[in-house]
Amino acid sequence: MDRSSRSRSRTRIAVIGIGNDHRRDDGVGWAVVAELARRRLARGVALFRTDGEPTRLIGAWEGARRAIVVDAARSRPSRPGHVHRFRIHDALSPSPHGETSSHGFALGDAVALARVLGRLPTELLVYAVEAADTGPGTTLSPPVAAAVLPLVARIERDLAPRGTDSGG
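Before going into details, it helps to say that this report is about the structure given with it. (Residues numbered from 1 in each chain as written. Predicted model: local features only at pLDDT ≥ 70, side-chain atom pairs only at ≥ 80, totals over all residues. Heavy atoms only, no water.)

## A closer look at the nonpolar core
Where we set the bar: Within this scheme, the nonpolar core is defined by two criteria: the residues are buried Ala, Val, Leu, Ile, Met, Phe, Trp, Tyr or Cys, and they are joined through side-chain atoms within 4.5 Å. With a 1.4 Å probe rolled over the protein chains alone, any residue whose accessible area is under 20% of its type maximum counts as buried; one over 50% counts as exposed, and the rest are partly exposed. A run of H or I in DSSP becomes a helix once it reaches four residues, and a run of E becomes a strand once it reaches two; helices and strands are each numbered from the N terminus. The criterion used for residue contact is that any of the two residues' heavy atoms lie within 4.5 Å.
With 23 residues, the main nonpolar core has V15, V32, L36, I68, I155 and L159 as its most contacted residues. Breaking this core down by element, the ones donating at least two residues are β1 (13-18), α1 (28-37), β2 (45-50), β3 (66-74), β6 (123-130) and α4 (142-159). The leading source of residues in this core is α4, at seven residues. Leaving out residues up to four positions away in the same chain, L36 has contacts with V15, L41, L47, V152, I155 and E156. Formed by 22 residues, the second largest nonpolar core is a distinct cluster that contains I16, A46, A73 and I88.

Next comes the structure, spelled out in structure tokens:
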């Protein structure tokens, strides 16, 4: 889903939800993007949904100055609904607490490929939401569903012209 009718070259910020809405909590990235689509966002913000395949992910953030990625994650010990926020800088920052994507690919794979191709955004911000259940189904688990609106509010602050970008 590309919310903007403008070309990607004019996209200042890409918000990318990674997921699969038929795998319960794996749909959290798509749920966040769907909620953002109902909001009035600044000009130059484009919303995308992807399954997380590295070349599609790179295509979504291509041309953006900043990319914000939202994905479900697994962590040990698990705290379903807990949101981790981190930046990926020039040298790939490891995910805190050892999270991995629920898709079986490492975001690092897409970042490494984008770096080699010269297609990394200037800033890459990742929100990893700890999943409770990624089995078949179309509804988010209660703790992950409860994380959606606060996460949307946090991303809206990230999108604000003078929003607080610090932290990580």
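What follows continues from the structure just given.
## What to know about unusual backbone geometry
Following R76, the chain continues to P77 via a peptide bond in cis, the omega torsion being -5°. Here P77 is to be found in the loop between β3 and β4 (83-88). Even without glycine at this site, R24 takes up a positive phi of about 45°. Mapped onto the secondary structure, R24 falls in the loop between β1 and α1.

## Concerning helix α2 (residues 54-61)
Along α2, six of the eight residues are buried, which leaves the element largely enclosed by surrounding structure. Those residues of α2 not exposed but buried are P54, L57, I58, G59, A60 and W61. Elements in contact with the buried residues of α2: β1, β2, β3, α3 (107-117) and β6. The first or second residue beyond α2 is G63, which carries a positive phi of 85°.

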